[in-house]
Amino acid sequence: MARLNILKLSHLAPHRTHEMGPAKAIAPEQALRRSVLACMLWEDEFYEEGVQIASRIRELVPRVEATKVAALAVEAREAMKLRHVPLLLVREMARHASHRSLVAQTLAQVIQRADELSEFMAIYWADGRTPLSGQVKKGLAAAFTKFDEYALAKYDRAGVVRLRDVLFLCHARPNDADQAALWRRLIEGNLFPLDTWEVALSGGGDKRAHWERLLAERKLGALALLRNLRNMKDAGVDEEAVINALSAVKTERVLPFRFLAAARYAPQWEEPLEQAMYKAIAGREKFAGRSVLLVDISGSMDAPLAHRSQMLRVDAACGLAVLLREVCDAVDVYSFSDRLVRVPSRRGFALRDAIVSSQLHSGTELGRALTSLRTAYDRIIVITDEQSHDRVPAPAARGYVINVASARNGVGYGAWTHIDGWSEAVVDYVRNLEVEANEQ
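Because the structure is predicted, anything quoted here is derived from the model rather than measured.

A. Region of interest: the overall build of the protein chain. Summing up its helical and strand segments, the protein chain has 21 helices and 6 strands in all. By residue count, 53% of the 440 residues in the protein chain fall in the buried class. Across the protein chain, every contact between residues at least 6 apart in sequence was considered, and the portion connecting residues at least 24 apart equals 68%. Counting only carbon and sulfur atoms, one obtains 50% of the accessible surface of the protein chain, whose full area is about 19900 Å².

Okay, structure coming up:
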């Protein structure tokens, strides 16, 4: 919940973290990025309510150049795999004459699942039903043509706005006769039935048998498999079937923190989960020189990424640490909370365990951790929610702060290179920055 009883002192710096440490003043574009790129829209975080974060995003959109808002929406959807906050960005763009010309192309690009057509309309009408602008209609119409029968049938759910309602509202034109026939079946409610895990499980019957058939027929994608391991465990699914599925599933686009979260609820399958994770992060070019990783394990990092989520913010942090550990040629890993603690030189899940158990999860003394550090390095990467209690000094060499939360103010600016979110894209971003710096 948001803290409403924070003492306001006139002699303090005008920008403070939620723990009252001095924060950096940043431009509207930077403020929008930090509010967006780790945002599970309308989900409460440790320090702020989801509604508060969404309101800040709305206020910032007209203060940022239209092309940059559009690019941020696409980045949030494609690089950070966020689904709802890009839709909010486009909805806010549609309110402002300075941003409207980019709405159609941006909306068509960020809608990548059929249910996002309906979700956008729910966001658009959150404050009451109003007519759709021409740009919104064009964007929805362009997006609608991307989806085949499987996608439409999977997400044609009862709700305030159904897919056929969106079709009527945007007046989309089919690309050919086959798509026209498909849309008629959608309107009439005659789409072909699907064989998905959701349909199989909702139909009743023996859950174990359903899961084992879906596993044998390879009907589960990587994320569905990981998210349902606990359900499979509870249903008594054959262990060999699960292990074979984990070995065969495509994991190229799955981030390490999802394997870490899955292992918490299904520890008996930790070994095949770890092997699948290594497969997902294999083959990356190494960072030259010595790297230091500082991982925040303060109390706020134990909060879930979203309401009812199985994943904690510390999972995201440890997942990034596991990934960076694999791409750094020489690396030292530390945790910080009330103090700085060096973590044993481990890999994979063992590194996660070492980080999480290294000290009590208490305050956020990032400044103290940095001044206590005695290791020389070529780069230092801090993974944190940025709500430090104390003043944060400049790094001794290249310094990066990866922000894994959406709080208003943060500390990782100025001499630090600031990165929002916890995608694998951060690795390429850091590598590109250093290549450019070396070429200058």
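Next, the rest of the story.
B. The pattern of salt bridges, seen in detail. Across all of its chains, the model carries 24 salt bridges by this definition. R208 is the salt-bridge partner of E212, the closest N and O atoms lying 2.9 Å from each other. Within this pair, E212 and its partner R208 are both found in helix α12 (residues 207–216), separated by 4 residues, close to a single helical turn. Accessibility expressed as a relative area gives 23% for E212, which makes it partly exposed. Since its relative accessible area comes to 39%, R208 is described here as partly exposed. Within this structure, R77, R83, R113, D115, E116 and E119 form a network of salt bridges that share partners.

C. Here's a closer look at empty space enclosed by the protein. Taken as a whole and assessed by the stated rule, the structure comprises 2 cavities of 30 Å³ or more. In this structure, the second largest cavity occupies an estimated 40 Å³ of space. Around the second largest cavity sit E252, R253, V254, L255, P256, A280, I281, R284 and E424, which together line it. Class assignment of the residues belonging to the lining of the second largest cavity gives a composition of 5 nonpolar, no polar and 4 charged.

D. Focus on the nonpolar core. If you look at the biggest cluster of nonpolar residues, it comprises 68 residues, and the most contacted ones within it are L229, M232 and I383. Those residues within four positions of I383 in sequence are excluded, and the remaining contacts are L294, V295, D296, A317, L320, A321, L324, F336, I402 and V404. Listed in part, the 60 residues of the second largest apolar core include I53, V103, L117 and A153.

E. Representation of the packing of helix α3 (residues 66–78) against helix α5 (residues 103–110) within the structure. Two numbers describe how α3 lies on α5: the axes approach to 9 Å, and their chain directions differ by 5°. With respect to their mutual orientation, α3 and α5 come out roughly parallel. Across the interface between the two elements, A70, A73, V74, R77 and E78 of α3 pack against T106, Q109 and V110 of α5.

F. The sheet that holds strand β3 (residues 340–342), seen in detail. Within the open sheet, the 6 strands sit side by side as β3-β2-β1-β4-β5-β6. Their pairing is mixed. In the strand order of this sheet, the two ends are held by β3 and β6 (417–420), each with one partner. The average undirected angle you get between the axes of adjacent strands in this sheet is 25°. Two elements, strand β4 (residues 379–384) and strand β5 (residues 398–403), share 6 bridges in a ladder whose sense is parallel. Residue pairing in the sheet places R379 in a bridge with R398 of β5. Along the sheet, helix α18 (residues 313–327) makes contact with β1 (287–296), β2 (328–336), β4 and β5, crossing β1 at roughly 165°.

G. Here's a closer look at the confidence of the model for the protein chain. When pLDDT is averaged along the protein chain, the result is 86, and 88% of the positions lie at 70 or above. In the predicted structure, residues 1–13 sits below a pLDDT of 50 and forms 18 contacts with residues beyond four places in sequence or in another chain.

H. Spotlight on the packing of aromatic side chains. Following the criterion strictly, the structure yields 2 aromatic pairs and no others. Ring centres of F144 and W183 lie 5.5 Å apart, and the angle between their planes is 75°; this geometry places the pair in the edge-to-face category. Of the two residues, F144 sits in helix α7 (residues 134–144) while W183 sits in helix α10 (residues 177–188), which places them 39 residues apart along the sequence. When the ring centre of F192 is taken as reference, the NZ or CZ atom of R185 above it lies at 4.9 Å. Against the face of Y278 rests R347, its NZ or CZ located 4.5 Å from the ring centre.

I. Examining α3 more closely. End to end, α3 covers 18 Å across 13 residues, agreeing with the expected 18 Å (1.5 Å per residue, within 8%). Within the span of α3, buried status applies to A66, V69, A70, L72, A73, V74, A76 and R77. Considering only its buried residues, α3 is in contact with α1 (28–36), α4 (84–93), α5 and α6 (115–124).

J. The pairing of β4, seen in detail. With 6 of its 6 residues buried, β4 lies for the most part within the structure. Residues of β4 alternate between two faces, with R379, I381 and I383 on one and I380, V382 and T384 on the opposite face, all of them buried. Two strands pair when backbone bridges link them, and β1 and β4 are joined in this way by 5 bridges, in the parallel orientation. Bridge assignment links L294 to a residue of β4, and that residue is V382.

K. Main features of the environment of A73. Position of A73 relative to the elements: it lies in helix α3. Residues A73 and P86, 13 residues apart in the sequence, show an inter-C-alpha distance of 4.5 Å. Discounting chain neighbours no more than four positions away, the residues touching A73 are P86, L89, V90, T106 and V110.

L. Molecular detail of the environment of L191. Relative to the helices and strands, L191 resides in the loop between α10 and α11 (197–202). On the basis of relative accessibility, which here comes to 17%, the residue L191 falls in the buried class. Measuring from C-alpha to C-alpha, the distance between L191 and K154 comes to 9.6 Å, with 37 residues separating the pair along the chain. In contact with L191, not counting residues within four places along its chain, are E149, L152, A153, D156, L182, R185 and L186.

Quick notes on the rules
- Residues numbered from 1 in each chain as written.
- Predicted model: local features only at pLDDT ≥ 70, side-chain atom pairs only at ≥ 80, totals over all residues.
- Heavy atoms only, no water.
- Helix = DSSP H or I, 4+ residues; strand = E, 2+ residues; numbered from the N terminus.
- Buried < 20%, exposed > 50% of the residue type's maximum accessible area, 1.4 Å probe, protein only.
- Contact = heavy atoms within 4.5 Å.
- Areas by Shrake-Rupley, 256 points an atom, 1.4 Å probe, with all protein chains shown as cover.
- Salt bridge = Lys/Arg side-chain N within 4 Å of Asp/Glu carboxyl O.
- 1 Å grid on protein atoms, 1.4 Å probe; cavity = no way out; pocket = protein on both sides within 12 Å on 5 of 7 lines; lining within 4 Å.
- Points joined across faces, edges and corners; volume = space filled by probe spheres on them.
- Nonpolar A, V, L, I, M, F, W, Y, C, P; charged D, E, K, R; others polar.
- Core = buried A, V, L, I, M, F, W, Y, C linked by side-chain atoms within 4.5 Å.
- Axes fitted to C-alpha atoms, helices over the stretch in contact; angles between N-to-C directions.
- Parallel < 35°, antiparallel > 145°, perpendicular 65-115°, else oblique.
- Pairing = 2+ DSSP bridges.
- pLDDT = per-residue confidence, 0-100.
- Phe/Tyr/Trp six-rings, centres within 6.5 Å; stacked < 30°, edge-to-face > 60°.
- Lys NZ or Arg CZ within 6 Å of the ring centre and 35° of its normal.
- Expected span 1.5 Å × (residues − 1).

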